[in-house]
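As a plain string of letters, each chain reads:
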Amino acid sequence: MEENKPFCISKWAVQTAWTKVRANKGAAGVDDESIGQFEKKLKNNLYRIWNRMSSGSYMPPPVKRVMIPKTDGKQRPLGIPTVGDRVAQMVVKMELEPKVEPLFHPDSYGYRPARSALDAVGTCRQRCWRYDWVVDLDIRGFFDNIDHALMMHAVRKHTDCPWVLLYIERWLKAPAELEDGTLLARDKGTPQGGVISPLLANIFLHHVFDAWMDREYPGCPFERYADDVVIHCSSYEQALAVKAAVEARLRRCKLEMHPDKTQIVYCRDGTRRQDYPHIQFDFLSYTFRPRSAKGRKGVIFTSFLPAISMKAARAVVMEIREWELHRKSDKELAELSRLFNPSIRGWIAYYGRFYPSALQRIFKPLDRRLVRWAQGKYKRLRSSRYQAWQWLWRLAASEPGLFGHWQAGLAP
């Protein structure tokens, strides 16, 4: 019976947690059990999780450590829990999140309901028009370096529920399993990839940064998406002071500001013309810098605006190259459209929100590959590249809905 267990966790909570985990999909953990395999024995699997969590005997298995390549050529570790452990983490998240979510800062955007990265970019854009200076803050290895004692101290400010505290502490200490099967003990950090990790990160940085900034620098608004932070300042002197104070604050909380990636940036535009070496920064795959803009009366002026970053653009072009679209001459246009439109529309939805004309540089290579595809498909176009381009121009004009970038007004 549920009421005879030391901890009162409902079977409904475990069932609901499973529904959310299944919707999120995700890879298998150290047990190599996929979502589909877990579902084959669903009743037994969910009962086992509920029974162990309710009795206090649930011990999280190791997380599977996978190295994910970063755009700068380096790698970052991702910790993938088993499907069952993701369900258990979701049970705790569902219990804790409603208590902390209303307390979080309005300028914290990462991994929160009804908030998005694009909301953060939009707010940042508006504030860059009002404030001349920015501190572009980078926390070195944030997820890998969170102090466990400080993390638990922060969580205890929001709950005294014994099973929530017990399992969060166990997840923090759960080892990581490397590719060769070696277990790596953890005495700090929370693995990126866990269901509970983003919520824990937000709780930690709420106390370490958000609430502290509100107390110490109420005149310096910021946008924070997980550990990615932009702080707005009125003067260079204020930016210097804020940067030094944040560095000291992070050090006290056993974190480190990245000395090379953290910088002070001047939001230069047509009216702010001061000389300063740093006049651009990246935030959530957008680059903010001086750009040409058109006013209401058609007058061109220079504004400080976000557009897709070079790093993000290179990653998109690389993915388009990997499609090898020009080699798929056995397929019809409608099939190519079905294959690639989901990705194209996803890029436009994210990177097309601000300064969409910058997307031309990622879709030009796609159009070039469509031309090469047409030359391989149709004999009449093989001898003339110009004729192939003419074919593409006519097609984009007559059927703009065929590809997502044409529909968005980015036709060749």
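Rules behind the numbers
Residues numbered from 1 in each chain as written. Predicted model: local features only at pLDDT ≥ 70, side-chain atom pairs only at ≥ 80, totals over all residues. Heavy atoms only, no water. Buried < 20%, exposed > 50% of the residue type's maximum accessible area, 1.4 Å probe, protein only. Helix = DSSP H or I, 4+ residues; strand = E, 2+ residues; numbered from the N terminus. Pairing = 2+ DSSP bridges. Axes fitted to C-alpha atoms, helices over the stretch in contact; angles between N-to-C directions. Parallel < 35°, antiparallel > 145°, perpendicular 65-115°, else oblique. Contact = heavy atoms within 4.5 Å. Nonpolar A, V, L, I, M, F, W, Y, C, P; charged D, E, K, R; others polar. 1 Å grid on protein atoms, 1.4 Å probe; cavity = no way out; pocket = protein on both sides within 12 Å on 5 of 7 lines; lining within 4 Å. Points joined across faces, edges and corners; volume = space filled by probe spheres on them. Patch = residues over 30% accessible without salt bridge, like charges linked within 9 Å, V, L, I, M, F, W, Y side chains within 5 Å. Areas by Shrake-Rupley, 256 points an atom, 1.4 Å probe, with all protein chains shown as cover. Salt bridge = Lys/Arg side-chain N within 4 Å of Asp/Glu carboxyl O. Lys, Arg positive; Asp, Glu negative; His and termini not counted. Charge placed at Lys NZ, Arg CZ, Asp CG, Glu CD. Expected span 1.5 Å × (residues − 1). Bend = angle between axes of the 7 residues up to and from the residue. Core = buried A, V, L, I, M, F, W, Y, C linked by side-chain atoms within 4.5 Å. Disulfide = S-S within 2.5 Å. Phe/Tyr/Trp six-rings, centres within 6.5 Å; stacked < 30°, edge-to-face > 60°. Polar contact = N/O pair within 3.5 Å; in protein donor to acceptor, adjacent residues only side chain to side chain.

Draft legend 1. Layout of the pairing of strand E3 (residues 133-138). A large share of E3 lies buried, amounting to 5 of its 6 residues. As judged from the 6 bridges shared by E3 and strand E7 (residues 228-233), these two strands associate in the antiparallel manner. In the sheet register, Trp 133 faces E7, and the bridge partner there is Cys 233. Where E3 and strand E8 (residues 263-266) come together, 4 bridges link them in antiparallel fashion. Bridged to Val 135 within E8 is Ile 264.

Draft legend 2. Geometry of the packing of helix H11 (residues 310-323) against helix H12 (residues 333-351). Where H11 meets H12, the axes come as close as 12 Å, and the angle between the chain directions of the two elements is 175°. In terms of orientation, H11 and H12 fall into the roughly antiparallel class. Mapping the contact onto sequence places Ala 312, Val 316, Glu 319, Ile 320 and Trp 323 in H11 and Phe 340, Ser 343, Ile 344, Trp 347 and Tyr 351 in H12. Here the residues of the contact of H11 with H12 sort into 8 nonpolar, 1 polar and 1 charged.

Draft legend 3. Highlighting empty space enclosed by the protein. Applying the stated criterion across every chain yields a total of 1 cavity of 30 Å³ or more. What the largest cavity holds in volume is close to 70 Å³. Contributing to the lining of the largest cavity are Val 63, Pro 81, Asp 85, Gln 89, Trp 171, Ala 174, Thr 190, Pro 191, Gly 194, Ile 196 and Ser 197. Across the lining of the largest cavity, the residue classes break down as 6 nonpolar, 4 polar and 1 charged.

Draft legend 4. Local environment of the sheet that holds strand E10 (residues 286-294). The strand order E9-E10-E11 describes an open sheet built from 3 strands, whose pairing is antiparallel. Unpaired on one side and paired on the other, strand E9 (281-283) and strand E11 (300-308) mark the two borders of the sheet. Each neighbouring strand pair of the sheet contributes to a mean axis angle of 50°, computed without reference to strand direction. With 3 bridges joining them, E9 and E10 adopt antiparallel strand pairing. Considered in E10, the bridge of Phe 283 is made with Tyr 286.

Draft legend 5. Broad picture of the sheet that holds strand E5 (residues 183-184). If you walk across this open sheet you meet the 4 strands as E2-E1-E4-E5, and the pairing is mixed. Since the sheet does not close on itself, it has two edges, and those belong to strand E2 (75-80) and E5, each with one partner. As judged from the 6 bridges shared by strand E1 (residues 63-69) and E2, these two strands associate in the antiparallel manner. Bridge pairing in E2 links Ile 68 to Arg 76.

Draft legend 6. The arrangement of a positive patch on the surface in detail. Together, Lys 70, Lys 74, Arg 76, Lys 261, Lys 311 and Arg 314 make up a positively charged patch on the protein surface. Along the polypeptide, Lys 74 turns up in the loop between E1 and E2.

Draft legend 7. The arrangement of helix H9 (residues 197-216) in detail. Its 20 residues place the ends of H9 27 Å apart at the C-alpha level, agreeing with the 28 Å of an ideal helix rising 1.5 Å per residue. The largest bend in H9 amounts to roughly 50° and is located at His 206. With 15 of 20 residues buried, H9 lies mostly within the body of the structure.

Draft legend 8. Quick look at the nonpolar core. The biggest cluster of nonpolar side chains holds 70 residues, and the ones touching the most others in it are Ile 231 and Val 246. The dominant element in this core, judged by the number of residues it contributes, is H9, at 10 residues. Apart from residues no more than four positions distant in its own chain, Val 246 is found in contact with Leu 137, Phe 209, Trp 212, Met 213, Ile 231 and Met 257. Residues Phe 283, Val 316, Leu 333 and Leu 392 belong to the second largest nonpolar core, which totals 56 residues.

Draft legend 9. Structural detail: the pairing of strand E6 (residues 222-225). Both faces of E6 are covered, namely the face carrying Phe 222 and Arg 224 and the face carrying Glu 223 and Tyr 225. In this structure, E6 lies alongside E7, joined through 4 bridges in antiparallel fashion. When the bridges of E7 are listed, Tyr 225 appears paired with Asp 228.

Draft legend 10. Highlighting the state of the cysteines. The final tally for this structure, using the stated rule, is 0 disulfides. With no disulfide of its own, Cys 128 lies closest to Cys 267 among cysteine sulfurs, the gap being 4.0 Å.

Draft legend 11. Region of the structure containing the packing of aromatic side chains. Tallying each qualifying case throughout the model produces 27 aromatic pairs. Taking the centre distance of 5.2 Å and the plane angle of 75° together, the rings of Phe 142 and Phe 143 count as edge-to-face. For Phe 143, a relative accessible area of 6% translates into the label buried. Aromatic pair Tyr 286 and Tyr 350: ring centres 5.7 Å apart, planes at 50°, arrangement tilted. Of the two residues, Tyr 286 sits in strand E10 while Tyr 350 sits in helix H12, which places them 64 residues apart along the sequence.

Draft legend 12. Local environment of helix H13 (residues 360-377). For H13, built from 18 residues, the straight-helix expectation of 26 Å at 1.5 Å per residue is met to within 8% by its first-to-last C-alpha distance of 25 Å. Among the residues of H13, those classed as buried are Ile 362, Phe 363, Pro 365, Leu 366, Asp 367, Arg 369, Leu 370, Val 371, Trp 373, Ala 374 and Gln 375. Where the residues of H13 are buried, they touch E11, H11, H12, helix H14 (385-398) and helix H15 (404-407).

Draft legend 13. Looking closely at the side chain of Arg 127. Relative to the assigned elements, Arg 127 resides in helix H5 (residues 117-130). A distance of 3.0 Å separates a polar atom in the side chain of Arg 127 from the backbone oxygen of Phe 222. The residues touching Arg 127, leaving out its near neighbours within four places in the chain, are Asp 107, Pro 221, Phe 222, Glu 223 and His 232.

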